[in-house]
Amino acid sequence: MPALLGSLIAVLLLAAFVPVAAAAEAVVVASKIDTEGALLGNMIVALLEARGVAVDNRLQLGPTNIVRGAILAGQIDLYPEYTGNGALFFHDETAPAWKDHARGWETVKRLDREANHLIWLTPAPANNTWTIAVRRDLAEHEALKSMDDLAAYLARGGHFKLAASAEFVESPSALPAFEATYGFRLSDGQLLTLSGGNTAATLRAAAERMSGVNAAMAYGTDGALAALGLVALADDKGAQIVYAPAPVVRETVLQQHPQITEALEPVFASLSLETLQRLNAAIAVEGEDARSVAVSYLRSQRMLP
């Protein structure tokens, strides 16, 4: 082999090897493909980078099954997940612990560490689960803050019409669970069932008073709620599983980078339901870049310089 050719091959091999070695040392951060996944993932990336941790950015990798499979396979190291998905991961949907914020986190933290050496850090004090949202004018006029308040309003004959998907209306874990827990029953005339409806359609129907609609199925941290003037009612009796967002990290990675806990726990502790709604709205409704929204929030909380 000519010396020049041998030297060229050695250089090319070295060039190919160095990025692989660097990538292997970086913490691989991923997120789900939705708006909140992008928001939380960008917060994690920005906080780790600010502390000198090398990051391999795999944000918005895919839906739950893809991201979960990737961390179990060791292809990613850290991503934001929801405590309530532990019921799905461990095939334990009927356990009452999942309907309690603290107990759900303690349960999934224990199960995932024992089975998969995955560590769940402290979750946000928010719940991205099924909820019923009412128009703000109705909420203020009738002092509606919770599902108990709604049940009392319905009992006294208040006007109510809910826009929802067929799944929400029919699934035992959705509207029927609310009805059973809070002691009310909606008639067909109080429902506008949208074929294939998602929360974007139901929230818009309530905001625009479509066919007399003044309430909508929603997710708790949906960014469109505040933007469209809707209020999510609190599920104080736990009709629904709690889905609190929390960072999940491989145990060996956390041992190598213990500063991850210190970096992430304060920001997740600051993410109330209203805060997540506002930040999600900035991305999904106002069209702002997810990283810009994440960094701006962290700076406002003095978590980044």
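Here, the structure is the one placed above.
Notes on the structure follow.

**Quick notes on the overall build of the chain**
When helices and strands are counted, the chain shows 15 helices and 10 strands. Across its three principal axes, the chain shows a C-alpha extent of roughly 90 × 40 × 40 Å. Within the chain, contacts between residues separated by at least 24 positions form 74% of all contacts whose residues are at least 6 apart in sequence. Surface exposure of the chain reaches about 14200 Å², of which carbon and sulfur atoms provide 55%. Charge-centre separation for the chain: the mean point of 23 positive side chains lies 3 Å from the mean point of 33 negative side chains.

**Things to note about the nonpolar core**
The biggest cluster of nonpolar side chains holds 39 residues, and the ones touching the most others in it are Met43, Leu48, Leu78, Leu271 and Leu298. Only strand 1 (27-32), helix 2 (35-50), helix 12 (251-256), helix 13 (259-269), helix 14 (273-284) and helix 15 (290-300) provide two or more residues apiece to this core. Examining the composition of this core, we find that nine residues originate from one element, helix 2, more than from any other. Sequence-distant contacts of leucine 48, that is, excluding residues within four places in its chain, are made with Val27, Val29, Val53, Val55, Leu78, Ile260 and Ala263.

**Examining the pattern of salt bridges**
Counted under the stated rule, the structure contains 13 salt bridges. Here glutamate 81 makes a salt bridge to lysine 32, at a shortest N to O gap of 2.6 Å. Linking glutamate 81 in strand 3 (residues 78-82) with lysine 32 in strand 1, this pair joins segments that are 49 residues apart in sequence. Residue classification places lysine 32 among the buried positions, given a relative accessible area of 7%. Among the salt bridges present, the one from arginine 250 reaches aspartate 77, with a minimum N-O distance of 2.8 Å. Taken together, the residues arginine 250 in strand 10 (residues 245-250) and aspartate 77 in the loop between helix 3 (64-72) and strand 3 connect sequence positions 173 residues apart.

**Observations regarding the sheet that holds strand 7 (residues 191-194)**
What the five strands build is an open sheet, ordered 7-6-8-5-9; its pairing is mixed. Every other strand in the sheet has two partners, leaving strand 7 and strand 9 (230-232) as the edge strands with one partner each. Between one strand and the next, the sheet's axes are offset by a mean angle of 35 degrees, whatever the strand orientation. Where strand 5 (residues 130-135) meets strand 9, three bridges bridge the pair, whose relative direction is antiparallel. Considered in strand 9, the bridge of alanine 133 is made with alanine 232.

**Quick word on helix 14**
The terminal C-alpha atoms of helix 14, which comprises 12 residues, lie 16 Å apart, in line with the 16 Å expected from a rise of 1.5 Å per residue. Taken together, the buried residues of helix 14 touch helix 2, helix 11 (224-227), strand 9, strand 10 and helix 15.

**Observations concerning helix 5 (residues 101-116)**
Here helix 5 is 16 residues long and its end C-alpha atoms lie 22 Å apart, about the 22 Å a rise of 1.5 Å per residue gives. Burial in helix 5 covers these residues: Gly104, Trp105, Thr107, Val108, Leu111 and Asp112. Mapping the buried residues of helix 5 onto a view down its axis gives an arc of 165 degrees, with all of them on the same face. On the buried face of helix 5, the contacting elements are helix 3, helix 4 (86-89) and strand 4 (118-120). Regarding helix 5, its N-cap is aspartate 100, as a side-chain oxygen of that residue lies 3.1 Å from the backbone nitrogen of alanine 102 further along. Within two residues after helix 5, histidine 117 carries a phi angle of roughly 55 degrees, on the positive side.

**Thoughts on the packing of aromatic side chains**
Tallying each qualifying case throughout the model produces three aromatic pairs. Directly above the aromatic system of tryptophan 105 lies the positively charged group of lysine 109, at a separation of 4.0 Å from the ring centroid.

**Structural notes on the pairing of strand 5**
If a strand is regular, its side chains alternate between the two faces of the sheet. Judged by how many residues are buried, strand 5 sits mostly within the fold: six of six residues are covered. Both strand 5 and strand 8 (residues 215-219) contribute to a ladder of five bridges, which runs antiparallel. The residue bridging valine 134 from the neighbouring strand is alanine 215, located in strand 8.

The rules behind these values
- Residues numbered from 1 in each chain as written.
- Predicted model: local features only at pLDDT ≥ 70, side-chain atom pairs only at ≥ 80, totals over all residues.
- Heavy atoms only, no water.
- Helix = DSSP H or I, 4+ residues; strand = E, 2+ residues; numbered from the N terminus.
- Contact = heavy atoms within 4.5 Å.
- Areas by Shrake-Rupley, 256 points an atom, 1.4 Å probe, with all protein chains shown as cover.
- Lys, Arg positive; Asp, Glu negative; His and termini not counted.
- Charge placed at Lys NZ, Arg CZ, Asp CG, Glu CD.
- Core = buried A, V, L, I, M, F, W, Y, C linked by side-chain atoms within 4.5 Å.
- Buried < 20%, exposed > 50% of the residue type's maximum accessible area, 1.4 Å probe, protein only.
- Salt bridge = Lys/Arg side-chain N within 4 Å of Asp/Glu carboxyl O.
- Pairing = 2+ DSSP bridges.
- Axes fitted to C-alpha atoms, helices over the stretch in contact; angles between N-to-C directions.
- Expected span 1.5 Å × (residues − 1).
- Arc of directions from axis to C-beta.
- Polar contact = N/O pair within 3.5 Å; in protein donor to acceptor, adjacent residues only side chain to side chain.
- Phe/Tyr/Trp six-rings, centres within 6.5 Å; stacked < 30°, edge-to-face > 60°.
- Lys NZ or Arg CZ within 6 Å of the ring centre and 35° of its normal.

Take it as geometry only, folks, not as evidence of what the structure does.
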